[in-house]
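# Overview (structure and organization)
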Amino acid sequence: MSSRVNSQALSQFLAVTGASSKEARRYLEKYKLLEPAIDAYFSEGGLRRSGASLSTSSINTLFDRYKDSESDEITEDGTERLCQDLGVDLEDVVLLAVAYELKSPHIGRWSKKGWVSGLKSLGCDSLDSLRNTLPRLRDKLASDPPYFAAVYNYTFPLAREEGQRSLALDAAMAYWELLIPFGLSGGALKHVSSSSSNVDIRRENNHCNDTDVDMEDEESDDDGNGWSEKHTEWWFEFLRVKGSKGVSKDTWQMLPEFIRTIDGKFEQHDATAAWPSTIDDFVAWAKEKKFRA
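Note that the structure is a prediction, hence the values are computed from the model and not measured. (Residues numbered from 1 in each chain as written. Predicted model: local features only at pLDDT ≥ 70, side-chain atom pairs only at ≥ 80, totals over all residues. Heavy atoms only, no water.)

### What to know about the confidence of the model for the protein
So the rule is basically this: The predictor reports its confidence for every residue as pLDDT, a score running from 0 up to 100. Whether two residues are in contact is decided by their heavy atoms, any of which lying within 4.5 Å being enough.
Residues of the protein with pLDDT of at least 70 account for 84%, and the chain-wide mean is 85. Low pLDDT, under 50, characterises residues 196-224; the predicted model gives this stretch 57 contacts beyond four residues in sequence or across chains.

### A short note on the layout of surface pockets
Condition: Computed over the protein atoms alone on a 1 Å grid, cavities are sets of points where a 1.4 Å probe fits but cannot get out and pockets are open sets with protein on both sides within 12 Å along at least five of seven lines; a residue lines them when it has an atom within 4 Å of a point. Grid points are joined across faces, edges and corners, and a volume is the space filled by probe spheres set on the points. By the criteria applied, helices consist of DSSP H or I runs no shorter than four residues and strands consist of E runs no shorter than two, each listed in order from the N terminus. The residue classification treats Ala, Val, Leu, Ile, Met, Phe, Trp, Tyr, Cys and Pro as nonpolar and Asp, Glu, Lys and Arg as charged. All others, Gly included, are polar.
Considered as a void within the structure, the largest pocket measures approximately 420 Å³ in volume. Along its surface, the largest pocket is lined by 18 residues, and Leu 90, Leu 95, Ile 107, Gly 108 and Tyr 175 are the ones closest to its centre. At the level of elements, α5 (76-86), α6 (94-101) and α10 (169-186) are the ones that each hand at least two residues to the lining of the largest pocket. By residue class, the composition of the lining of the largest pocket is ten nonpolar, four polar and four charged.

### Section: unusual backbone geometry
Keep this limit in mind: Throughout, exposure labels follow a simple rule: accessible area from a 1.4 Å probe, protein chains only, divided by the maximum for the residue type, with under 20% read as buried, over 50% as exposed, and the rest as partly exposed.
Of note in this structure, Lys 32 is not a glycine but carries a positive phi near 70 degrees. One non-glycine residue, Phe 266, adopts positive backbone phi at about 60 degrees. Secondary-structure assignment places Phe 266 in the loop between α12 (249-261) and α13 (277-291). Since its relative accessible area comes to 0%, Phe 266 is described here as buried.

### As for helix α8 (residues 127-143)
Rules: The length a helix should cover is 1.5 Å for every residue beyond the first. Axes are fitted to the seven residues ending at a residue and to the seven starting at it; the angle between these axes is taken as the bend at that residue.
The terminal C-alpha atoms of α8, which comprises 17 residues, lie 25 Å apart, in line with the 24 Å expected from a rise of 1.5 Å per residue. At Leu 134, α8 is deflected by roughly 25 degrees, the largest bend along its length, and proline Pro 135 occurs up to four residues later in sequence. The set of residues buried in α8 consists of Leu 127, Ser 129, Leu 130, Thr 133, Leu 134, Pro 135, Arg 136, Leu 137, Lys 140, Leu 141 and Ala 142.

### Considerations on the packing of aromatic side chains
Let me state the cut-off plainly: Only Phe, Tyr and Trp rings are paired, with Trp represented by its six-membered ring, and only when their centres lie within 6.5 Å; those with planes under 30 degrees apart are stacked, over 60 edge-to-face, the remainder tilted. Geometrically, a lysine NZ or arginine CZ counts as sitting over a ring once it is within 6 Å of the ring centre and also within 35 degrees of the ring normal.
Enumeration according to the criterion identifies 27 aromatic pairs in this entry. When the ring of Phe 282 is compared with that of Trp 285, the centres are 6.2 Å apart and the planes differ by 25 degrees; the resulting orientation is stacked. Of the two residues, Phe 282 and Trp 285 both sit in helix α13, three residues apart, roughly one turn of that helix. Judged on exposure class, the residue Phe 282 and its partner Trp 285 are both buried. The cationic tip of Lys 103 hangs over the ring face of Tyr 100; the distance from NZ or CZ to the ring centre is 4.0 Å. One Lys or Arg, Lys 103, reaches over the ring of Tyr 154 and ends 5.6 Å from the middle of that ring.

### Observations concerning the nonpolar core
Worth spelling out the cut-off: Within this scheme, the nonpolar core is defined by two criteria: the residues are buried Ala, Val, Leu, Ile, Met, Phe, Trp, Tyr or Cys, and they are joined through side-chain atoms within 4.5 Å.
In terms of nonpolar packing, the biggest core is built from 70 residues, with Trp 115, Trp 176, Trp 227, Trp 235, Trp 252, Phe 258 and Phe 282 touching the most fellow members. Ranked by residue count, the leading element in this core is helix α9 (residues 145-159), at nine residues. Phe 282 has contacts with Trp 227, His 231, Trp 234, Trp 235, Phe 238, Phe 258 and Phe 266, leaving out every residue within four places of it along the chain. If you look at the next biggest cluster of nonpolar residues, it comprises 15 residues, including Phe 13, Ala 19, Ala 24 and Tyr 41.

### Some words on the packing of α10 against α12
As a reminder of what qualifies: Here the axes come from fitting lines to C-alpha atoms, over the contacting stretch only for helices, and the angles between their N-to-C directions go from 0 to 180 degrees. These descriptions rest on fixed angle ranges, namely under 35 degrees for roughly parallel, over 145 for roughly antiparallel, 65 to 115 for roughly perpendicular, and the rest for oblique. By the definition used in this description, the sense in which the near helix is turned from the far one sets the handedness, with an anticlockwise turn below a right angle giving left-handed and a clockwise turn giving right-handed.
Viewed as axis vectors pointing N to C, α10 and α12 meet at an angle of 30 degrees, and their least axial separation amounts to 12 Å. Between α10 and α12, the angle falls in the class roughly parallel. Considering how the two elements wind past one another, α10 and α12 form a crossing that is right-handed. Side by side, α10 and α12 meet where Ala 172, Tyr 175, Trp 176, Leu 179, Ile 180 and Leu 184 of the first sit next to Trp 252, Leu 255 and Ile 259 of the second. Class assignment of the residues belonging to the contact of α10 with α12 gives a composition of nine nonpolar, no polar and no charged.

Structural data, given as structure tokens:
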């Protein structure tokens, strides 16, 4: 293998595409990075591994390995064993992407229907192929705004207690602590001009294959002075001071768009725009308690 091709990237390319090693090397050498190489392979006529090349029997066997003996689902115990076998921590943010892809009904639970259809969509029919797909999902979640939005929005019903309309504050903070720094560091939540941002973060059915969302946002001239770690800390402090018990779906879904478009001093916030009242109240609180201080 050419020294220019990373062995891990090669393995991931093969797991996702089902291509030959020769094709994998060629695309990786040409496009340098894994995600562009995979996208180019499929856009140029490569066929994602389908039912014809995937073993449904193997997928079912894998499900049965982790399924609860007294349930039709994989439950928390099975999820813990799955994570151990995959070599990932239970709190690894990539599991939210896996939950989205496999349409998990709730944190730590997996239905057979979602498991089978999701693994087929990912081109996986073994533990090894799923393990090799995780870095690609992690990279995409960090850097691809539409995909981040899709996974982020899916997290709300995934983590919400059954029968509740809002997400408990402690749970919301826990997932924000995972997702916000991840999106900021990878670029999915990069700061953009509010006038150029056209992402509808509320599209619940958004997916990494959405082609009708123009993500060519104009990067802000804010010189990196948009949302930062301190703003996340302020957000949490505000919610605690406010005495919030839960987070509404609207606030959850609109927060990433606010993060992407707000300037570091909140001077450009438009209180007449259709932001949730919680976000408007946060801006007012921050201006009074933080910026004036």
